[in-house]
Amino acid sequence: MSRANDTLEDEEKRRCPAGADPQCSPSFTCDDTPHYLPERLNLEPSVVAMETSPSPSTHGTSLLSLPWEIVSQIASHLPAKCVINVLPQVCQTLGKLSEDRLAWQLRAHKLLSPAASFPVGPKEDFDWSKACLEMEQLIGCWTGLENQAERQETAGERQEEAADVVNGEAPAAEGNVVEMQLDVDLNAAVQAGEDSVQVQSQNASDSSQLSESSSTSSPLEHVILPSGHIADVNCVLLLGRNEALCASGSRDRNVNLWDLREGPRGKLIHTLVGRGTISTHRGWVWCLASSGPLLASGSFDSTVRLWDLEAGGAEQRLIQSKAAVLCLSCERDMVLAGSHDQKLSIFDTRAADPLVKSLRLHTDAVLCLASDDQYILSGSKDHTVSLFDRRAGKLLQKVQLSSYLLSLSYSAREVWAGDNRGLVHTFSMHNSSLTPISQANIHRSLVTGVHYSPGALYTCSSDRTIKVHLPCAPPKTLCTLHHQAGVNGLSVEGGTLAIASGDMNVEVWRPRC
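Cut-off values and rules
Residues numbered from 1 in each chain as written. Predicted model: local features only at pLDDT ≥ 70, side-chain atom pairs only at ≥ 80, totals over all residues. Heavy atoms only, no water. UniProt positions renumbered as here; feature names shortened; annotations may be inferred. Helix = DSSP H or I, 4+ residues; strand = E, 2+ residues; numbered from the N terminus. Pairing = 2+ DSSP bridges. Salt bridge = Lys/Arg side-chain N within 4 Å of Asp/Glu carboxyl O. Buried < 20%, exposed > 50% of the residue type's maximum accessible area, 1.4 Å probe, protein only. Contact = heavy atoms within 4.5 Å. Axes fitted to C-alpha atoms, helices over the stretch in contact; angles between N-to-C directions. Parallel < 35°, antiparallel > 145°, perpendicular 65-115°, else oblique. Left-handed = near helix turned anticlockwise from the far one by under 90°. Core = buried A, V, L, I, M, F, W, Y, C linked by side-chain atoms within 4.5 Å.

**Examining the UniProt feature "repeat: WD" (unreviewed entry) in the protein chain**
Look at the UniProt record and you will see "repeat: WD" (unreviewed entry) annotated at residues 226-263 and 278-317. Within residues 226-263, the helical portion is 0% and the strand portion 47%, while the C-alpha atoms at the span's ends are 11 Å from each other. Annotated as residues 278-317, this span is 0% helix and 57% strand, and its ends, taken at the C-alpha atoms, are 16 Å apart.

**Focus on the pairing of strand 17 (residues 394-400)**
The pairing of strand 16 (residues 384-389) with strand 17 spans six bridges and is antiparallel. Within the sheet, the bridge partner assigned to Val 385 lies in strand 17 and is Val 399. Counting the residues in the hairpin turn of strand 16 and strand 17 gives four residues, including Gly 393, whose phi is positive at 70°.

**A closer look at the pattern of salt bridges**
In total, this model carries eight salt bridges according to the counting rule given. Across the pair Glu 136 and Arg 107 runs a salt bridge, and its minimum N-O distance is 2.7 Å. A residue pair is termed long-range when its members are at least 10 positions apart, and Glu 136 in helix 8 (residues 128-142) and Arg 107 in helix 7 (residues 101-111) qualify at 29 residues. For Arg 107, a relative accessible area of 9% translates into the label buried. The closest approach of N and O atoms between Arg 275 and Glu 315, which form a salt bridge, is 3.9 Å. In this pair, Arg 275 is assigned in the loop between strand 5 (267-272) and strand 6 (285-291) and Glu 315 in strand 9 (residues 314-320), connecting sequence segments 40 residues apart. Look at the salt bridges and you will find they share partners, linking Arg 275, Arg 305 and Glu 315 into a network.

**Observations concerning the environment of Gly 422**
Structurally, Gly 422 can be placed in the loop between strand 19 (414-419) and strand 20 (423-430). Linking Gly 422 and Leu 446, residues 24 residues apart in sequence, is a C-alpha distance of 5.2 Å. In this view, Gly 422 contacts Ala 440, Asn 441, Ile 442, His 443, Ser 445 and Val 447; residues no more than four positions away in its chain are not counted.

**Concerning the packing of helix 7 against helix 8**
Look at helix 7 against helix 8: their axes get within 9 Å of each other, and the N-to-C directions meet at 30°. In this view, helix 7 runs roughly parallel relative to helix 8, as classed from their interaxial angle. For the pair helix 7 and helix 8, the sense of crossing is left-handed. Contacts between helix 7 and helix 8 pair Arg 101, Trp 104, Gln 105, Arg 107, Ala 108 and Leu 111 from the former with Trp 128, Ser 129, Cys 132, Met 135, Glu 136 and Ile 139 from the latter.

**Points about the nonpolar core**
Membership of the largest hydrophobic core comes to 51 residues, with the highest contact counts inside it found for Phe 118, Trp 142, Tyr 458 and Leu 497. Among all residues touching Tyr 458, those that are not within four sequence positions of it are Leu 138, Trp 142, Gly 449, Val 450, His 451, Lys 467, Val 468, Leu 490, Val 492 and Leu 497. In terms of nonpolar packing, the next biggest core, distinct from the first, is built from 16 residues, Cys 368, Leu 377, Leu 408 and Leu 434 among them.

**Here's the deal with the sheet that holds strand 1 (residues 220-224)**
Here we have four strands laid out as an open sheet, ordered 1-28-27-26, and antiparallel in their pairing. The open sheet has two free edges, formed respectively by strand 1 and strand 26 (487-493), since each of these has just one partner strand. Within the sheet, the average angular offset between the axes of one strand and its neighbour, ignoring direction, is 15°.

Here it is in structure tokens:
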């Protein structure tokens, strides 16, 4: 018999003398406590339990009179949000439950598969409570959404097939559907100078009418923003407080700003227009980044344009590059740009001459970036990922891969990246070193977008899918959404997901109010 059960038995004997009604006090069991704890979980001792066990209170018959192990076990059945936000408001003793790292590790273990490794990166200073909160919210929002999406898609296909029969047309075979390929020939695009933009014809019925929102039974609302682009949308970025604004960049050379609060489907505020041009850029808009009120857009026209969101999207300045800008990252007043000429450029938006430093860390085009105030991570078509120390001003490491990375996400000393073969790679950041941990075959084609946080992982691909996972190794996939076109990028903030689509649309999944 466990120590917790021994303590509970003694407590029950004290409360119920011989001959008394056995129903005089409630009975608790510890059957929900995991008996198998894999070594890779590396559970830590419970500081709170050691300090307060066997019981926070030895008087009365309240919850606090129970042994601490039982109180902790009861709390493990409450939502993480309740443990973090509500219990500390009840009393100081119950508030200590939110500080019990062992309890959070046990909770995480229950949410993941027994063979999963979590967290993937260093465990020191890992925010277990935040990870559990995010995982529970992710499971609550996305589990089962895949089935609803499939039912809607099947119904839509049946309607289309019926329309084809009425019109005397035979439905096209699935094998004849050509998947969009996002791995464009950058050299050809740059040499061509983007003299023309191919405008796709839009279905007369407007694809936005196919699915304005998901089933009302879902905790997430699915919104297709009104038509605002006339070519593929390459990038999307959620902005502002409460994810109220959204920016989208397209091959039609424009950046659109959307207000997601206006109406049931959002509203196009306006299209950003650069000085001396009738569009945002003179070439494809390939990437977006932001920091506070600053929005940066990078284009195949070899420029980075800066926009002031507090001034309604007015152009702040133009930064001239020497090649097509393929990826961006913003840190306060600094803008980092990766370009087709193998360079990583650092710009100070406050300086008259904005170029601070130009780094040549790769031997081919720089395709993706992630950064914080200390490190810069960059992935290139030369099949390498580089780690640069901003404070020391030197290259720390260069990791050789068998494929090249297209998307990067860096948080809490973990790096998640998607490549050109459908693989998702995981790296650990520890002591200024980048260590490959694992790779998982998640998609069938280019992984065009990755977003990681301690308790959530989102990926999208040109294989026309968006996937939501728990960020363990291997990732535990909760939901796969099938799209009608290639998905070129994604943005996630506060539980809201936005995607850039090859069918000229921006789609949003957001929690219902």
